[in-house]
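Examination of the molecular architecture
The primary structure of each chain is shown beneath.
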Amino acid sequence: MKSTSRGAVLAGGAATRFDGRPKGLLEVGGRRVLDRVVDTMSAALGSPPLLVANAPDATTWRPDLHCVSDLRPGMGSLGGVYTAIASATGPVLVVAWDMPFLERALLEALIAGANDYDAYLPESGLPGHGSGGFEPLCAVYGPACRQPIEQAFTRGDLRMISFHDSVRMGTLSLDQVRAFGDPAILFFNVNDPRDLERAETVWQQHG
């Protein structure tokens, strides 16, 4: 895989748990989660990421970002990853928009380690988190993943690991991830109001 040159923020998921308000627009520590993610990715990549979102008003969230909607609607997170890959000319760093505590150094490690693989995921070590102990929504995916994902769509398999057997997989080990912080914080995602309260507590404790 060539060096990663693009990033993509996946702004998916219904906003039903926050009374219709998109979760990435909620604030943690006085700043929107989306802005935290974008700034961290921009610092790691040296350029702003693409925004993958289907909401009618998504272009107003960050007018400075190029925004695209899913090429294959209704395919969940895997559809977002597919859109990110198809919208880039090379490998793309894909990050979910609800992770307020990502570290620039972690993203840089993913970018640096992805060169020899078609997909490069960090190990999370968290029970029931991600896919098979890895975090698929903070990972690097290359062009070679596109066709296997299309084949997964055809099979009706929307799992994030549905195409892994068909590509060269690499992983950032748990020990390496821990060098950048606690995985439970690094990969913390805001899914419901209770998570938002926890995120605010974490922010107050750790900044």
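Okay, so let's go over this structure. (Residues numbered from 1 in each chain as written. Predicted model: local features only at pLDDT ≥ 70, side-chain atom pairs only at ≥ 80, totals over all residues. Heavy atoms only, no water.)

Mapped onto the fold, A199 is located in helix α7 (residues 193-206). As a C-alpha pair, A199 and D98 span 101 residues in sequence and 11 Å in three-dimensional space. Beyond its immediate chain neighbours, meaning those up to four positions away, A199 contacts V28, F101, F188 and V190. (Helix = DSSP H or I, 4+ residues; strand = E, 2+ residues; numbered from the N terminus. Contact = heavy atoms within 4.5 Å.)

What follows deals with the pattern of salt bridges. This model, assessed by the stated rule, comprises 11 salt bridges. Note that R31 is salt-bridged to D39, the shortest N-O span being 2.5 Å. Residue R31 is classed as partly exposed on the basis of its relative accessible area of 33%. A salt bridge links D118 to R168; the shortest N-O distance between them is 3.0 Å. Taken together, the residues span a long stretch of sequence, with D118 in the loop between α3 (104-113) and β7 (119-122) and R168 in the loop between α4 (146-155) and β9 (169-172) at a distance of 50 residues. Relative accessible area serves as the criterion here: at 45%, R168 is assigned to the partly exposed category. It is possible to trace a salt-bridge network through shared partners that takes in R31, R32, D35, D39, R62 and D64. (Salt bridge = Lys/Arg side-chain N within 4 Å of Asp/Glu carboxyl O. Buried < 20%, exposed > 50% of the residue type's maximum accessible area, 1.4 Å probe, protein only.)

Let's shift gears to the nonpolar core. Counting 67 residues, the largest nonpolar core has L51, W61, V81, L93, Y141 and I149 as its most contacted members. A per-element tally of this core places helix α1 (residues 33-45) first, with 7 residues. Apart from the residues lying within four places of it in its own chain, the contact partners of V81 are L10, V94, L137, Y141, I149 and M160. (Core = buried A, V, L, I, M, F, W, Y, C linked by side-chain atoms within 4.5 Å.)

How two aromatic rings sit relative to each other is set out by the distance from centre to centre and by the angle between their planes. Within this structure, the stated rule accounts for 5 aromatic pairs. Relative to W97, the ring of W61 has its centre 5.0 Å away and its plane inclined at 20°; by these criteria the two rings are stacked. Remark: W97 occurs in the loop between β6 (92-96) and α3 and W61 occurs in the loop between β4 (50-53) and β5 (67-68); sequence separation between them is 36 residues. The exposure class assigned to W61 is buried, which follows from its relative accessible area of 6%. The buried category is assigned to W97, whose relative accessible area is 2%. Here Y82 and F153 contribute two aromatic rings whose centre-to-centre distance is 5.4 Å and whose plane-to-plane angle is 70°, an arrangement assigned as edge-to-face. (Phe/Tyr/Trp six-rings, centres within 6.5 Å; stacked < 30°, edge-to-face > 60°.)

The next subject is the packing of helix α2 (residues 76-86) against α4. With their axes 10 Å apart at the nearest point, α2 and α4 run at an angle of 150° to one another. For α2 against α4, the interelement crossing comes out left-handed. Facing α2, whose interface residues are L78, G79, V81, Y82, I85 and A86, α4 presents R146, I149, E150, A152 and F153. Grouping the constituent residues of the contact of α2 with α4 by class yields 8 nonpolar, 1 polar and 2 charged. (Axes fitted to C-alpha atoms, helices over the stretch in contact; angles between N-to-C directions. Left-handed = near helix turned anticlockwise from the far one by under 90°. Nonpolar A, V, L, I, M, F, W, Y, C, P; charged D, E, K, R; others polar.)

Orientation of α1 relative to α3, taken along the N-to-C sense of each, is 50°, at an axis distance of 9 Å. With respect to α3, the axis of α1 lies oblique. Crossing of α1 against α3: the hand is right-handed. Two secondary-structure elements touch here, α1 through T40, M41, A43, A44 and L45 and α3 through R104, L107, E108 and I111. (Parallel < 35°, antiparallel > 145°, perpendicular 65-115°, else oblique.)

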